[in-house]
Each structure stands twice: as structure tokens, then as C-alpha cells.
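In case you want the letters, here they are:
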Amino acid sequence: MITETNAVHFRQNLGEMLNQVQYRHDSVVINKDGKPVAALVDARLFARIRRMQARFDALAARIEAGFAATPEAEGLAEIDATVMQIRKQG
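Residues numbered from 1 in each chain as written. Predicted model: local features only at pLDDT ≥ 70, side-chain atom pairs only at ≥ 80, totals over all residues. Heavy atoms only, no water.

A. Region of interest: the overall build of the chain. Helix and strand counts for the chain stand at 4 helices and 3 strands. Moving toward the C terminus, one meets the helices and strands of the chain in the order β-α-α-β-β-α-α. Radius of gyration (C-alpha) of the chain: 21 Å, far over the 12 Å computed for a compact globule of 90 residues. Its C-alpha atoms give the chain principal-axis dimensions of roughly 55 × 25 × 25 Å. Here the chain holds 90 residues, and 17% of them are scored as buried. Pairs at least 24 apart in sequence give 31% of the contacts found in the chain among residues at least 6 apart. Carbon and sulfur atoms make up 58% of the accessible area of the chain, which totals about 7,700 Å². Distance between charge centres in the chain, computed from 12 positive and 11 negative side chains, equals 7 Å. (Helix = DSSP H or I, 4+ residues; strand = E, 2+ residues; numbered from the N terminus. Rg over C-alpha atoms; globule rule 2.2 N^0.38 Å. Buried < 20%, exposed > 50% of the residue type's maximum accessible area, 1.4 Å probe, protein only. Contact = heavy atoms within 4.5 Å. Areas by Shrake-Rupley, 256 points an atom, 1.4 Å probe, with all protein chains shown as cover. Lys, Arg positive; Asp, Glu negative; His and termini not counted. Charge placed at Lys NZ, Arg CZ, Asp CG, Glu CD.)

Given below as C-alpha cells:
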């Protein structure tokens, strides 16, 4: 479950929020001025997110290396053409 709270309420109820995350494996989104600024998540979930980020970064680097010789204008034109084609299908 994901709980949203403002920063003041979070500060006042930190212990309760930690218990929610630790024992119920909930997540808490902390808002400031009505906008999300941080999240409190279970340590296992955070470790999983970090592993996924590392895998994503490695994949992005491989893709970037594969297209390094492609001129930017050519790449952007190909992306635009593909987006238009997919939009026509959908």
C-alpha cells in the first residue's frame, strides 16, 4: 500500500511511518507544498530499485555505444518517423 502524507505530518509521525514500511512493507510518499518530494520504502525494495537502475544504466550505455556513429539529425528523424507510424497504428 502507498500512503501519501505531507512533510509536517511525516515528521510528527516518523516512528509510525517507519513501522508501516518495516513491518507492513508499505511505502510512504512525502509531499511538500502539495508535490511529491521523497518516498520512504522498504530497504529490500530500495535494493531492488538500485539493481534495476544499474541494469538500466548498463543497457542505455550499450544502446548509446551502438548508435554513436549515427548523426544526431538522422537518429531524431528515424525516431520521429517511428513515432508517427506507431500513432497511425494505434
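B. Highlighting helix α2 (residues 14–24). When α2 is considered as a whole, its buried residues turn out to be Met17, Gln20 and Val21. Projected onto a plane normal to the axis of α2, the buried residues spread over an arc of 90 degrees and lie on a single side. Against β1 (2–6), α1 (7–12), β2 (27–32) and β3 (35–40) lie the buried residues of α2. Positive backbone phi, at 60 degrees, marks His25, one or two positions downstream of α2. (Arc of directions from axis to C-beta.)

C. Spatial organisation of the side chain of Asp26. Here Asp26 lies in the loop between α2 and β2. Of the polar contacts made by the side chain of Asp26, one reaches the backbone nitrogen of Met1; its length is 3.5 Å. A distance of 2.9 Å separates the side chain of Asp26 from the side chain of Arg24, its partner in a polar contact. Not counting residues up to four positions away in its chain, the partners in contact with Asp26 are Met1, Gln20, Val21, Leu40 and Asp42. (Polar contact = N/O pair within 3.5 Å; in protein donor to acceptor, adjacent residues only side chain to side chain.)

D. Structural detail: the sheet that holds β2. Read from one edge of the open sheet, 3 strands run β1-β2-β3, paired in mixed fashion. Both edges of this open sheet fall to β1 and β3, since each of them pairs with a single strand only. Across the sheet, the mean angle separating the axes of adjacent strands is 30 degrees when strand polarity is ignored. Relative to β3, β2 is paired through 5 bridges, and the arrangement is antiparallel. Pairing of Ile30 across the sheet is with Ala38, part of β3. (Pairing = 2+ DSSP bridges. Axes fitted to C-alpha atoms, helices over the stretch in contact; angles between N-to-C directions.)

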